[in-house]
Amino acid sequence: MKNLKKELKLTEDGSHTFYMPDLDEHYHSTHGAIQESMHIFLNAGFHFSEKDPIHILEIGFGTGLNCFLTVIEAEKLNRKVIYHSIELYPLEEDLVKNLNYADTAGEASFAMFQKLHSCKWNIDVQINENFTLRKLQGDLIEYTFPSKYDLVYFDAFAPDVQPDLWSQHVFEKIYHSTKPEAILSTYCTKGIVKNALRSAGFSIKRLPGPPGKRQMLRATRIDDFTFERNQK
């Protein structure tokens, strides 16, 4: 992913995404990057959970959009957030500076968005009074997470592009890195993903998707799940 060409594209809600022609893959829905993120991760995840403070794990920091929107919502609600986000291939600075997510949110939000990208990796950074960010640079498959989480934003590239990241092994790793009654939200509803989540100790619920997508998934951790019962 690191050396692949990335083209800046405008989605239907006016917000940016990147397109990788070599993979024929977008970072976000072409129907609207911001509205997709708000629908799947904020509304079905952050606002659904009642935890406060809330510990969030994001799979795929990418453009920083999910993190940016979570900072804004946490500030509105005066809600404490500890946010960890893993990314193997961070975006280059010259790409990040062209993203328009903060354009309508004022100068302070623009500076905050830049801070999310410019702050150091693998250490806790206080973004504001309510929000602590730790960006984790590493490979999800091999990484051992430093905390236990209440909510997971699972926003990896699609299974056709990164099949190893949607495996039962990865979801079991996430299960063991989450707290009782933790939830996971994701845009992907493929059968292999649903089966992998169930086998890794999650119950799943299909929810209406954002514009351009019929459904999304919200998974809930089944506490005291016995993995042996699914082994043949």
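Heads up: these notes are all about the structure in this document.

Our next topic: the packing of aromatic side chains. Here the structure, examined in full by the defined rule, presents 17 aromatic pairs. Judged by centre distance (6.1 Å) and plane angle (90 degrees), the rings of Phe145 and Tyr149 are edge-to-face. With relative accessibility at 9%, the residue Phe145 sits in the buried group. By way of ring pairs, the aromatic residues Phe41, Tyr83, Phe131 and Tyr153 are connected into one cluster. A cation over a ring is seen here: Arg218 above Phe48, with NZ or CZ 3.5 Å from the ring centre. Residue placement shows Arg221 over the ring face of Tyr175; its charged tip is 4.0 Å from the ring centre.

Right, let's talk about the nonpolar core for a bit. In terms of nonpolar packing, the biggest core is built from 71 residues, with Ile59, Phe154 and Phe171 touching the most fellow members. In terms of residues, this core owes the most to one element, helix α2 (residues 65–77), which gives 7 residues.

A few words now on the environment of Asp52. Mapped onto the elements, Asp52 comes out in the loop between α1 (33–46) and β4 (54–59). Here the alpha-carbon distance between Asp52 and Leu69, two residues 17 residues apart in the chain, equals 17 Å. With residues near it in sequence (within four places) discarded, Asp52 still touches Asn78, Arg79 and Lys80. Among the polar contacts made by the side chain of Asp52, one reaches the main-chain amide nitrogen of Lys80 at a distance of 3.2 Å.

Pairing is mixed in the open sheet, where 8 strands are placed in the order β6-β7-β5-β4-β8-β9-β11-β10. Pairing within the sheet leaves two strands with one partner each, and these edge strands are β6 (125–126) and β10 (202–208). With 7 bridges connecting them, strand β5 (residues 81–87) and strand β7 (residues 131–137) associate as parallel partners. In the sheet register, His84 faces β7, and the bridge partner there is Arg134. Contacts between α1 and the sheet are confined to β4, β5, β8 (149–154), β9 (178–186), β10 and β11 (215–221), with β9 contributing the most and set at about 150 degrees to the helix.

Scoring rules and cut-offs
Residues numbered from 1 in each chain as written. Predicted model: local features only at pLDDT ≥ 70, side-chain atom pairs only at ≥ 80, totals over all residues. Heavy atoms only, no water. Phe/Tyr/Trp six-rings, centres within 6.5 Å; stacked < 30°, edge-to-face > 60°. Buried < 20%, exposed > 50% of the residue type's maximum accessible area, 1.4 Å probe, protein only. Lys NZ or Arg CZ within 6 Å of the ring centre and 35° of its normal. Core = buried A, V, L, I, M, F, W, Y, C linked by side-chain atoms within 4.5 Å. Helix = DSSP H or I, 4+ residues; strand = E, 2+ residues; numbered from the N terminus. Contact = heavy atoms within 4.5 Å. Polar contact = N/O pair within 3.5 Å; in protein donor to acceptor, adjacent residues only side chain to side chain. Pairing = 2+ DSSP bridges. Axes fitted to C-alpha atoms, helices over the stretch in contact; angles between N-to-C directions.

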